[in-house]
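# Summary of the model geometry
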Amino acid sequence: MAATFALADPLHLHRSSSLSRLLATPLLRHRRPRLVAMAAEPGGADSKPRVLVAEKLDQGGLDLLKGFADVDCAYNLSPEELRAKIGLCDALIVRSGTKVGRDVFEASGGRLRVVGRAGVGIDNVDLAAATEHGCLVVNAPTANTVAAAEHGIALLTAMARNIARSDASMKSGNWERSKYVGVSLVGKTLAILGFGKVGSEVARRAKGLGMHVIAHDPYAAADRAHAIGVDLVTFDEAIARADFISLHMPLTPSTSKILDDEAFAKMKNGVRIINVARGGVMDEEALLKALDSGVVAQAALDVFTKEPPSADDKLVLHEKVTATPHLGASTVEAQVLSELTPFVDLAEKLGRLAVQLVAGGSGVKSVKVTYAIPRTRGGVDTRLLRAMITKGLIESISDVVVNIVNADFAAKQRGVRITEERVLLDGSPEDPIDSILVHIAGVESKFPTAASGTGEITVQGRVKDGIPHLTKVGSFQVDASMEGSLILCRQVDQPRMIGTVGTILGEQNVNVSFMSVGRIAPRKHAVMAIGVDEEPTKQALQKIGDIPAIEEFVFLKL
């Protein structure tokens with residue numbers, strides 16, 4: 001099955017940057033250049049991705065797409081016309097009226113990376129064909145929705161029961177039960193301003209707490225609101241009836257400072273306000289006056305007009321305000337991809353390097369990946385890393401484009417079995433992974449030094465200062481940045497080796513970026529890793545191989 005990711009509702013594209021992120025992510029990036037008439041290479045330094053919109057979307061959604069992509073709106077296309085256009089596009093957006101079958105993916109020539117369905121169902125998209133061609137199918141914005149909704153509820157309950165203030169009081173040595181009496185949520189009216197994905201998730205959770213929920217959103221469908229027991233009302237009615245107001249709207253010209261002096265004047269005395277949306281939707285000076293006058297009993301704020309706010313910000317310091325530093329999407333689950341980003345690059349390069357060490361790369365059938373993971377991070381999801389190792393392995397020896405969507409499929413089609421194991425380490429380092437070790441069994445190595453005692457080709461890498469490093473080849477420890485290209489030499493450990501090899505490369509105008517030597521013991525054997533910016537000529541490599549102290553060498557493209 002193809003992976004199903006997030007595409008924003010056409011009226012609420014501003015609430016999810018999923019499409020722009022997906023088009024930009026290295027997990028979907030194609031490496032091989034393709035010649036496409038009148039189209040720039042996607043992902044190039046000066047080009048924007050090209051998005052074909054095949055069915056009508058709201059103008060607001062189109063405007064948002066145009067902020068990061070070249071948008072081609074072409075409606076009512078025949079199947080032939082769609083196939084003719086798709087080879088020039090990185091993304092396709094459809095509703096239910098356009099069939100996206102195998103013929104469309106084949107006609108794209110591998111360029112199509114994302115199909116977005118503006119709606120819920122995806123039965124008009126051939127998911128098997130999408131998987132085979134490495135194309136994501138996206139249809140519902142859920143990436144940070146739950147995290148933001150949970151934080152909104154956390155602020156609501158913490159504010160109602162004075163959690164932050166009473167905690168601070170106890171830490172100061174006080175016991176002030178009567179000062180921090182809270183209010184019950186059962187039977188209270190919560191007005192949600194902005195009933196999109198986050199707003200509706202907040203509504204579901206508030207209903208579970210026994211609250212009566214109303215909402216205002218000019219774009220929300222009444223039947224969708226009624227399905228979860230929410231009444232849609234006007235803006236004025238919402239703020240007038242509410243005991244609690246929770247903001248979940250985007251910052252646009254029409255919502256900027258929507259809660260101003262006039263709005264606060266229409267609210268009940270003692271209303272409580274939660275904002276996990278955008279700081280600019282509330283007039284902060286007006287909120288201060290409302291807090292001081294008692295119109296607003298309390299406020300819980302995760303966002304501010306200026307972030308971070310100044311150290312003497314009056315709202316942050318106000319005794320009736322509970323403040324958090326924009327934590328809406330900050331959960332372990334929501335941040336996993338960000339943490340793994342540097343390891344994604346490492347994983348692909350380890351796969352690419354390992355397969356180049358194989359004599360006859362197409363014979364790779366058994367690969368084991370060992371992750372050294374801190375015990376405190378033992379639950380980290382490694383599926384992304386496995387996919388990128390697969391990408392490095394297969395793209396180096398075939399014409400197939402591999403990404404997170406089709407990695408397992410591509411490996412299975414070629415009979416490559418990839419297994420994983422975890423080694424748990426003590427301690428609590430910041431990084432989620434200490435190292436990645438790739439073993440390839442049942443093959444011969446063109447660089448025998450890379451073979452371990454069991455005959456497997458083994459390479460290990462770590463991320464150092466955000467950059468992938470090769471740290472082990474076979475039984476030899478090395479320290480080589482995995483950027484550009486690499487020459488590995490097994491040599492007798494003796495003086496002048498670095499200078500001799502450097503001179504040969506310099507004579508051929510090959511720039512050396514670094515040299516690193518790992519050895520078992522002085523004057524025994526060593527592995528020299530040489531980073532180069534250009535590919536040496538065959539003659540230069542032959543001269544390196546002819547050096548008497550060099551026993552074997554290999555040139556690797558990363």
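Keep in mind that this is a model prediction, so the values were computed, not measured.

Okay, the pattern of salt bridges next. In the structure shown here, the tally under the stated rule is 29 salt bridges. Across the salt bridge formed by Arg83 and Asp103, the nearest N and O atoms sit 2.7 Å from each other. With Arg83 in helix α3 (residues 79-86) and Asp103 in helix α4 (residues 102-107), the pair connects residues that are 20 residues apart, well separated along the chain. A residue is classified by how much of its surface remains accessible, and Arg83, at 28% relative accessible area, is partly exposed. Taking the shortest distance from any N to any O, the salt bridge between Lys368 and Glu421 comes out at 3.9 Å. One end of the pair, Lys368, is in strand β14 (residues 366-374); the other, Glu421, is in strand β15 (residues 417-425), and 53 residues separate them in sequence. A network of salt bridges, in which partner residues are shared, links Glu348, Arg352, Lys391 and Glu395.

We now examine the side chain of Thr370. With respect to the helices and strands, the residue Thr370 is situated in strand β14. A distance of 2.9 Å separates polar atoms of two side chains, one belonging to Thr370 and the other to Glu421. Excluding anything up to four places from it in sequence, Thr370 contacts Glu421, Val423, Ser435, Ile436, Leu437 and His439.

Attention now goes to the sheet that holds β14. With mixed pairing, the six strands of this open sheet are ordered in space as β15-β14-β16-β17-β18-β19. Lying at the two open borders of the sheet, with one neighbouring strand each, are β15 and β19 (476-481). For this sheet, the mean inter-axis angle between neighbouring strands, taken without regard to orientation, is 20 degrees.

General note: in soluble globular proteins, nonpolar side chains tend to be found buried as a group. Judged by nonpolar contacts, the single largest core of 54 residues is most densely connected at Ile436 and Leu470. The dominant element in this core, judged by the number of residues it contributes, is helix α14 (residues 332-356), at nine residues. If we ignore the near neighbours within four places in the chain, the residues touching Leu470 are Leu350, Leu353, Val459, Gln460, Gly461, Val478, Asp479, Ala480, Met482 and Leu486. One finds Ala191, Met282, Leu287 and Val296 within the second-largest nonpolar core, a separate group that totals 32 residues.

Conventions used here
Sequence positions are assigned chain by chain, starting from 1 and proceeding in written order. With the structure being a predicted model, the display of local features is reserved for residues of pLDDT at least 70 and the display and counting of side-chain atom pairs for 80 or more, all residues being used for whole-chain, interface and lining totals. Excluding hydrogens and water, the side-chain values take into account all heavy atoms of the structure. Definition used for salt bridges: Asp or Glu carboxyl oxygen within 4 Å of a side-chain nitrogen of Lys or Arg. Secondary structure elements are taken from DSSP: a helix is a run of H or I of four residues or more, a strand is a run of E of two residues or more, and numbering for both begins at the N terminus. A 1.4 Å probe rolled over the protein chains alone gives each residue an accessible area, and that area as a share of the maximum for its type sets the label: buried under 20%, exposed over 50%, partly exposed in between. Counted as a polar contact is a pair of N or O atoms within 3.5 Å, where, for protein atoms, one must be capable of donating a hydrogen and the other of accepting one, and residues adjacent in sequence contribute only when both atoms are in side chains. A contact between two residues is defined here by any heavy atoms of the two lying within 4.5 Å. In short, DSSP must find at least two bridges between two strands for them to pair. Axis definition: a line fitted to C-alpha atoms, limited for helices to the stretch in contact. Angles are taken between N-to-C directions and run from 0 to 180 degrees. We define the nonpolar core as a collection of buried residues of types Ala, Val, Leu, Ile, Met, Phe, Trp, Tyr and Cys that are connected through side-chain atoms lying within 4.5 Å of one another.

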